[in-house]
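Coordinates in review
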Amino acid sequence: MSDKVILVFSGKRKSGKDYVTGLLQERLGKANCDLLRLSGPLKKQFAKDHQLDYDKLLDASEYKEKYRAAMIKWGEDMRLANPAYFCNLAIADASTSASVWVITDARRKTDMDYFNKHFNKVLSVRVVCDDTIRIQRGWVFTANVDDAESECNLDDYAHNIIIRNDGNQHELEMQFQSLMERIREM
Ligand SMILES: Nc1ncnc2c1ncn2[C@@H]1O[C@H](COP(=O)(O)OP(=O)(O)O)[C@@H](O)[C@H]1O
Ligand SMILES: C[C@@](O)(CCOP(=O)(O)OP(=O)(O)O)CC(=O)O
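Residues numbered from 1 in each chain as written. Chains lettered and ligands numbered in written order. Predicted model: local features only at pLDDT ≥ 70, side-chain atom pairs only at ≥ 80, totals over all residues.

Brief notes about the UniProt feature "binding site: ATP" (unreviewed entry) in the chain
Rule in force here: UniProt positions are given in the numbering used here, feature names are shortened, and annotations may be inferred rather than shown by experiment. Per the convention used, a helix needs a DSSP run of H or I reaching at least four residues, while a strand needs a run of E reaching at least two, with both numbered from the N terminus. We call two residues in contact when their backbone-placed C-beta atoms lie within 7 Å. To sort residues by exposure, count the other C-beta atoms lying within 10 Å of each residue's C-beta; 20 or more gives buried, 12 or fewer gives exposed, and values between give partly exposed, all with C-beta atoms placed from the backbone.
Within the UniProt annotation, "binding site: ATP" (unreviewed entry) is assigned to K12, R13, K14, S15, G16, K17, D18, R137 and Q175. Relative to the helices and strands, K12 resides in the loop between β1 (5-11) and α1 (17-28). Look past the residues within four positions of K12 in its chain and what remains in contact with it is R134 and E151. Position of D18 among the secondary structure elements: in helix α1. On the basis of neighbour count, D18 is assigned to the partly exposed category, with 19 C-beta atoms found within 10 Å.

Below you can see the structure in the form of structure tokens.
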């Protein structure tokens, strides 16, 4: 079993998963820390099958939101056949030399089970944020998305670390310091 440190991030849409994991990678350095997106291989295959623009599905855009419900459904069908499918693809693409792998977008207990099964040093990190702030960042409640497994399956998971990302940079910095300390201890 690898002794890499695996940080498995999750959080609601617009909680700031990409923002926080990007900042973390900057702090740790790209050579030490690789970002793994479970949604990466999902979007790539979905785009190919449906003649869509893969790059436009990657950023925080309206284009992604337009196809989100269909991508969730498609991804769920794939996961039903093999819950490890996207996790396997994400780690196949990851940097073997980085000592820290940050999974940016876990959504399901099966994702958590996968990393806990395959790695020793795993921390689950939940990014949380008030809905009022998510709305300011462009979140609009959408049925079949915000009430679906994709957004809710890890709500009651016993996360190791909670990061509050309401936009207070000082508060975020303090939380980063203790997260970095936890990583060093591992
Ligand atoms: N702490 C923060 N300070 C400033 N902007 C932020 C912060 N957190 C998130 N954002 C912004 O809010 C938007 C949504 O964040 P993002 O990381 O894409 O969320 P998620 O990946 O959880 O959907 C992005 O435009 C991002 O830059
Ligand atoms: C179909 C998805 O993989 C789409 C995920 O796209 P992003 O990971 O880009 O989403 P946010 O960062 O939360 O906005 C969801 C799933 O159920 O797998």
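After presenting the structure, the write-up continues.
A look at the site of ligand 2
Our working rule: Using the backbone to place each C-beta atom, any residue with that atom within 6 Å of a molecule or strand is considered near it.
The local shell around ligand 2 holds 13 residues, among which S39, M71, I72, D105 and S150 are the closest. Secondary structure elements with two or more residues in the shell around ligand 2: α1, α2 (39-49) and α4 (62-81). No other element matches α4, which puts five residues into the shell around ligand 2.

A closer look at the pairing of strand β4 (residues 121-128)
Which entries qualify depends on this criterion: Here, any two strands with at least 2 DSSP bridges between them count as paired.
With seven bridges connecting them, β1 and β4 associate as parallel partners. Note that in β4 the partner of I6 across the bridge is V122. Bridge analysis of β4 against strand β5 (residues 161-164) gives four bridges, and the strand direction is parallel. Bridging from a neighbouring strand, R126 pairs with I162 of β5.

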